[in-house]
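The chain contents come next:
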Amino acid sequence: MRIKKIFGWLHLWLGLISGIIVFIISITGAIYSWEPELSAYTAPYHHVTPQNRPFQSVTAIRAAGEASMGGEKAFRILYQGKDKAAVVQFFQKKPYHYYNVYVNPYTAQVQKVLNRDDEFFHFILNGHMYLWLPHDIGGAIVGYSTLVFFLMLVTGIVLWWPRNKGRRKVSFRIKLDASPKRLNYDLHNVLGFYASWIIVFAALTGLVWSFTWMAQAEFWVFSGGQKRPGAVPMKSDNHAPVKDSTAINQVFATFMARYPQAAGYSISMPANDSAVIITRAYPSRHQFYNADYLYFDQHTSREITPPYLGKYKDATVAEKAVRMNYDIHVGSIAGLPGRILMFFAALIAASLPVTGFLIWWGRKKKSTPRRPIKKESVKNFHTAPR
C-alpha cells in the first residue's frame, strides 16, 4: 500500500505536468503512421507510369534535380519502385531547408519541387519530434517528456494491478453500461493497461534517439558491455590515378543488379572529394531494419567493406537492435498488423491525459468540503415571508 501511494503521487503529478505534451506526441504519431498510404492518394507527383526500359542514369536524375534547385548539390536520391518517382533530396542545417524534387526516373523530367516545410506530414512530424519549436529546445522537451511518460506507464501498471482474484474479474474489461464517471475511469485504466504493453516500446525507442546515454546503454546491453561505434570511418581514394566522375552510374547499376527484387533503393551523394558512395537496398517498402548497406569509392567504383553497418546478415545482435529502433517505434517490425496495433495504442495514449485529468478533477471536486448550513439560516428560511 505504501508503494502504491508513492506511485499514485508520482503518476498524478507527472501526468498533470506532461499531459499536453504527451497528447501532442501521441496524436501526431498516430497521424504520421499512415503517411505512406495517405501520401500515395493525395500526392500524384509521387507516381509514374511503369515502362519496359531502364531508368535514366544517376547523374542525369541528379542533374535534373539540381537544375530545378538553382545548382544546389543533392545529398541523396531515393528509388521507391518502378511506378514511383525518384526523389532527389536537398538538405541544409544553416540556413535550414529541406526539399524533395520528384523526377520521372524514365525521362529525368521534374514532376514536383516540394519544400518539406509546406508538406502536411512534415508539419505533423515536426510536432511529434519538436513540438513545432526550435529543434534544440523542442527535442529536449520531447525527450524529457518521453522519459516522464515512460515512468507514468510503469507507475500506471503498478496502480492498476488488481489486489485479489475477485478484483481481476472486473479489471480487464470496460463496463459500457456504467455511469459516465465510471466509464471514463475504465477507459483510462483498462485501455491504458492494454496499450501500455505496446506504447512502452515506442517510448523506449524514442528515448534512444533523444539521449546519447540511452543509445549507448542499448548497445551495451545487447553487445555484452561494448561501446556503440561512431561514424563508419571510410574514405574514397583521393589520390587515385584515374578519377571517373560518372563512376556513380556504374556503382548504382551494379548495385541494382545485385538486388533485383528490392522494394526500394537509396544512394547518397558524396559530400566531398574523399567521401564514399553509400547505397542501401530495402527488402520491403515499410521496413528499414533489414536493409543492406554497401559502400563504394566515388572515383574508382571499388566496393569498400565496412567495419560496422553493412549487410544485415553480417550484423551483430547489438547492431540489429540499433537497426530495429525505427521499425519498433512505428510498429512496422511486425508488418501491417504491428502498424495497426501501434496506431490504436497511440490513440489510446493520446486519450490518457484527457481521461486522467477528468478522474483527477472529479476527485478534487468530491474532496472539497461543503460549507455547513447554520441553524440561524434554516430558521430564517422557514420564518421568511413568502
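Each value, and the rule that gives it
Residues numbered from 1 in each chain as written. Predicted model: local features only at pLDDT ≥ 70, side-chain atom pairs only at ≥ 80, totals over all residues. Heavy atoms only, no water. Helix = DSSP H or I, 4+ residues; strand = E, 2+ residues; numbered from the N terminus. Buried < 20%, exposed > 50% of the residue type's maximum accessible area, 1.4 Å probe, protein only. Contact = heavy atoms within 4.5 Å. Areas by Shrake-Rupley, 256 points an atom, 1.4 Å probe, with all protein chains shown as cover. Pairing = 2+ DSSP bridges. UniProt positions renumbered as here; feature names shortened; annotations may be inferred. Phe/Tyr/Trp six-rings, centres within 6.5 Å; stacked < 30°, edge-to-face > 60°. Lys NZ or Arg CZ within 6 Å of the ring centre and 35° of its normal. Polar contact = N/O pair within 3.5 Å; in protein donor to acceptor, adjacent residues only side chain to side chain. Salt bridge = Lys/Arg side-chain N within 4 Å of Asp/Glu carboxyl O. Axes fitted to C-alpha atoms, helices over the stretch in contact; angles between N-to-C directions. Nonpolar A, V, L, I, M, F, W, Y, C, P; charged D, E, K, R; others polar. Expected span 1.5 Å × (residues − 1). Arc of directions from axis to C-beta. Core = buried A, V, L, I, M, F, W, Y, C linked by side-chain atoms within 4.5 Å.

**Re the overall build of the protein**
Within the protein, the secondary structure is distributed over 13 helices and eight strands. Across the 386 residues that make up the protein, the buried fraction comes to 41%. Look at the contacts in the protein between residues 6 or more apart in sequence, and 58% of them connect residues 24 or more apart. Surface accessibility of the protein: about 22,600 Å² in total, with carbon and sulfur atoms responsible for 63%.

**A few points about the sheet that holds strand E4 (residues 110-115)**
Taken in spatial order, the eight strands line up as E4-E3-E2-E1-E5-E6-E7-E8 in an open sheet, and their pairing is antiparallel. The outermost strands of the open sheet, each flanked by one partner alone, are E4 and strand E8 (303-304).

**As for the UniProt feature "transmembrane region" (unreviewed entry) in the protein**
Here the UniProt feature "transmembrane region" (unreviewed entry) sits at residues 12-34, 137-161, 191-211 and 340-361. The distance separating the terminal C-alpha atoms of residues 191-211 is 29 Å; by composition the span is 95% helix and 0% strand. In the segment residues 340-361, helix accounts for 100% and strand for 0%; the C-alpha atoms at its two ends are 32 Å apart.

**Comments concerning the packing of aromatic side chains**
All chains considered together, the criterion is met by 25 aromatic pairs. On the basis of an interplanar angle of 80 degrees and a centroid distance of 5.8 Å, the ring pair of Phe91 and Tyr96 is categorised as edge-to-face. What links up through ring pairs into an aromatic cluster is the set Phe55, Tyr79, Tyr106, Phe252, Phe255, Tyr259 and Tyr265. We note Arg116 situated over the ring of Tyr98; from NZ or CZ to the ring centre the distance is 4.9 Å.

**Brief notes about the side chain of His97**
Positionally, His97 belongs in strand E3 (residues 97-103). A relative accessible area of 18% places His97 in the buried class. Engagement of the side chain of His97 in a polar contact is seen with the side chain of Glu72, the distance being 3.0 Å. With near-sequence residues (within four places) excluded, His97 lies in contact with Glu72, Phe90, Phe91 and Gln92.

**Things to note about the pattern of salt bridges**
Counting across every chain of the model gives six salt bridges. Its salt-bridge partner being Glu37, residue Arg339 comes within 2.8 Å of it at the nearest N-O pair. Within this pair, whereas Arg339 is found in helix H12 (residues 335-367), its partner Glu37 is found in helix H2 (residues 35-42), the two being separated by 302 residues in sequence. As a salt-bridge pair, Arg116 and Glu119 come within 2.5 Å of each other at their nearest N and O atoms. For the pair formed by Arg116 and Glu119, the shared burial category is buried.

**What to know about the environment of Ala349**
Summarising the element assignment, Ala349 is placed in helix H12. A residue is classified by how much of its surface remains accessible, and Ala349, at 2% relative accessible area, is buried. Separated by 150 residues in sequence, Ala349 and Ile199 have C-alpha atoms that sit 7.5 Å apart.

**Topic: the packing of helix H3 (residues 58-68) against helix H9 (residues 247-258)**
Running from amino to carboxyl end, H3 crosses H9 at an angle of 115 degrees, the nearest separation of the two axes being 8 Å. When H3 is examined against H9, the residues Val58, Thr59 and Arg62 are found in contact with a partner set consisting of Ile248, Asn249 and Phe252. Class assignment for the residues of the contact of H3 with H9 results in three nonpolar, two polar and one charged.

**A short note on unusual backbone geometry**
Phi is positive for Ala108, close to 65 degrees, though the residue is something other than glycine. In the Ramachandran plot, Ser301 falls in the positive-phi region, its phi being about 65 degrees despite a non-glycine side chain. Here Ser301 shows up in the loop between strand E7 (292-297) and E8.

**Describing helix H8 (residues 212-223)**
When the terminal C-alpha atoms of H8 are compared, their 16 Å separation across twelve residues agrees well with the 16 Å that a helix rising 1.5 Å per residue should span. Every buried residue of H8 is listed here: Met214, Ala215, Glu218, Phe219 and Ser223. Down the axis of H8, the sector holding all buried residues measures 155 degrees, keeping them to one side. Turned more than 90 degrees from where H8 packs its buried face, Trp220 and Val221 sit exposed. Tucked into the core, H8 has its buried residues touching helix H7 (180-210), helix H10 (317-323) and helix H11 (325-330). Just past H8, the residue Gly224 takes up positive phi, approximately 80 degrees.

**Quick notes on the pairing of strand E2 (residues 86-92)**
In terms of burial, E2 is largely enclosed, as five of its seven residues are buried. For strand E1 (residues 76-79) and E2, the ladder comprises three bridges, and the chain directions are antiparallel. Residue pairing across strands places Arg76 opposite Gln89, the latter belonging to E2. Here E1 folds back onto E2, and the loop between the two strands holds six residues, one of which, Gly81, carries a positive phi near 135 degrees. Taken together, E2 and the strand that follows it, E3, pair antiparallel across an intervening segment of four residues.

**Overview of the nonpolar core**
In this structure, Ile77, Tyr79, Val88, Tyr265 and Ile267 are the most contacted members of the largest nonpolar core, which totals 25 residues. Mapped onto this core, the elements with two or more residues apiece are H3, E1, E2, E3, H9, strand E5 (264-268), strand E6 (276-282) and E7. By residue number, the principal contributor to this core is H9, which donates four residues. Formed by 15 residues, the second largest nonpolar core is a distinct cluster that contains Phe149, Leu153, Ile199 and Ala202.

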